[in-house]
Amino acid sequence: MISSHTNTFCVIGDPVRHSLSPLMHNAAFKETGTDGVYLAFEVKDISAAIYGIRGLGILGVSVTIPHKVSVIPHLDEIDKTARQIGAVNTIVNDRGKLRGYNTDCFGASKALAEKTEVQGKRVLIVGAGGAARAIGFGIAEKGGIITISNRTEEKGRSLAHDLQASFCGLEDLESKDWDIIINATSVGMAPKIEGCPVPESILQPGRVVMDIVYNPQETLLLKKAAQRGCETVDGVSMFVYQGACQFELWTGRDAPVSAMEKTVRRALSL
Ligand code: NAP
């Protein structure tokens, strides 16, 4: 029950009304008997939002597009991984001190680890935005051999440089061998569900194909990959694991991962 003791958590972003984070985190609070409530705030002015978070004593915040980079100078401390990635998706308010973390990196690594080792594997990451950057750092840390591909070549090459990885043009993907293929673009996301970010021919049996798009749960890429005998990892797994990591940072308790996953999958199947 919400009372005058209830702690407040939230997501800040723009747009934010599509976010499943409130559903997922409120389910986690309920499941663990945590006295907390999680809300969504549409934020245009990041500086004013951080001022409000400090003033109101909001305990934990998820940060989404377009504020993951611009929030950094407003925080008191940035965790090492978030600093390396250059983006923050989580804020912990520790008695007035705001610390920034990046749990996308952990979420993607954990989701992938359920299906495959990464060490020594040839990993193709398609995309060069914030999510690709977070995932790339996680995979590099685990010893994956990364190649970046991206629609805008300059951005792709720049991320490849930062990760000490290779770059491959989208038109050349068929000429190389891959063990793991990750879509880190928004291609295939509802309502444009007919999009597939890579040529079907690279989806060969035995390869692991991960899509970080989670709406729909089974994107066209994952559907084609499964039909062609690939192992698949969907975007819901990453979303839930990054959220579970946030929950643990905010509460110091183990996250109720299966209740969180059930809530998200149910909402997406409506
Ligand atoms: P972002 O920073 O805006 O980057 C978008 C990426 O998608 C860029 O590489 C962009 O290429 C590419 N792209 C966009 N439209 C394209 C198109 N029509 N054709 C080819 N490439 C296209 O976004 P982000 O934060 O990295 O997020 C990317 C996706 O991941 C979003 O759908 C987001 O919802 C999802 N995501 C999922 C999770 C999860 O937990 N499952 C977490 C974070 C993000 P250019 O450089 O050429 O523009």
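Rules used throughout
Every chain begins its residue count from 1, and numbering advances along the sequence as written. Since the coordinates come from a predicted model, pLDDT governs what is reported: local features require at least 70, and pairs of side-chain atoms require 80 or more to be given and counted, while whole-chain, interface and lining totals use all residues. In computing side-chain values, all of the structure's heavy atoms are included and hydrogens and water are not. A pair of strands counts as paired when DSSP detects no fewer than two bridges linking them. Here a strand is any run of E in DSSP of at least two residues, a helix any run of H or I of at least four, and the numbering for each starts at the N terminus. Only rings of Phe, Tyr and Trp enter the pairing, Trp through its six-membered ring, and a pair is recorded when the two centres are within 6.5 Å. The plane angle decides the type: under 30 degrees is stacked, over 60 is edge-to-face, the rest tilted. Burial classes follow relative accessibility: with a 1.4 Å probe on protein chains only, a residue under 20% of its type's maximum area counts as buried, one over 50% as exposed, and anything between as partly exposed. Consider each residue's heavy atoms; a residue with any of them within 4 Å of a molecule or strand counts as near. N or O atoms closer than or at 3.5 Å make up a polar contact, with two conditions inside protein: a donor-capable atom paired with an acceptor-capable one, and, for residues adjacent in sequence, both atoms drawn from side chains. As a working rule, the residues Ala, Val, Leu, Ile, Met, Phe, Trp, Tyr, Cys and Pro are called nonpolar, Asp, Glu, Lys and Arg charged, and the rest polar, with Gly in that last group.

Spatially, 9-8-7-10-11-12 is the arrangement adopted by the 6 strands of the open sheet, whose pairing is parallel. Bordering the open sheet on either side are strand 9 (166-167) and strand 12 (231-233), each of which pairs with just one other strand. In this structure, strand 7 (residues 122-126) lies alongside strand 10 (residues 180-183), joined through 4 bridges in parallel fashion. By the bridge assignment, leucine 124 is partnered in strand 10 with isoleucine 181.

This part is about the packing of aromatic side chains. In total, this model carries 5 aromatic pairs according to the counting rule given. Aromatic side chains phenylalanine 29 and phenylalanine 247 sit 6.0 Å apart centroid to centroid with 40° between the ring planes, which places their arrangement in the tilted category. With phenylalanine 29 in helix 1 (residues 21-32) and phenylalanine 247 in helix 8 (residues 235-251), this residue pair connects regions lying 218 residues apart in the sequence. A relative accessible area of 0% places phenylalanine 247 in the buried class. Residues tyrosine 38 and tryptophan 250 carry aromatic rings whose centres are separated by 6.0 Å and whose planes lie at 45° to one another, so their mutual orientation is tilted. Separated by 212 residues along the polypeptide, tyrosine 38 in strand 2 (residues 36-42) and tryptophan 250 in helix 8 bring together distant segments of the chain. When sorted by exposure, tyrosine 38 lands in the same class as tryptophan 250, which is buried. Feature note: the residues Phe9, Phe29, Tyr38, Phe247 and Trp250 constitute an aromatic cluster, connected by ring pairs.

Bringing the site of the ligand into the picture now. Taken together, 21 residues are adjacent to the ligand, and Ala128, Ala131, Asn150, Thr152 and Ile212 come closest. Asparagine 150 places a side-chain nitrogen or oxygen 2.8 Å from an oxygen atom of the ligand. Measuring from an oxygen atom of the ligand, one finds a backbone N or O atom of phenylalanine 239 at 3.3 Å. Listing elements by their share of the shell around the ligand, those giving two or more residues are helix 5 (130-141) and helix 8. It is helix 8 that contributes the most residues to the shell around the ligand, 3 residues altogether. In terms of residue class, the shell around the ligand is made up of 10 nonpolar, 8 polar and 3 charged.

From the geometry alone we can't say anything about function, so treat these as descriptive.
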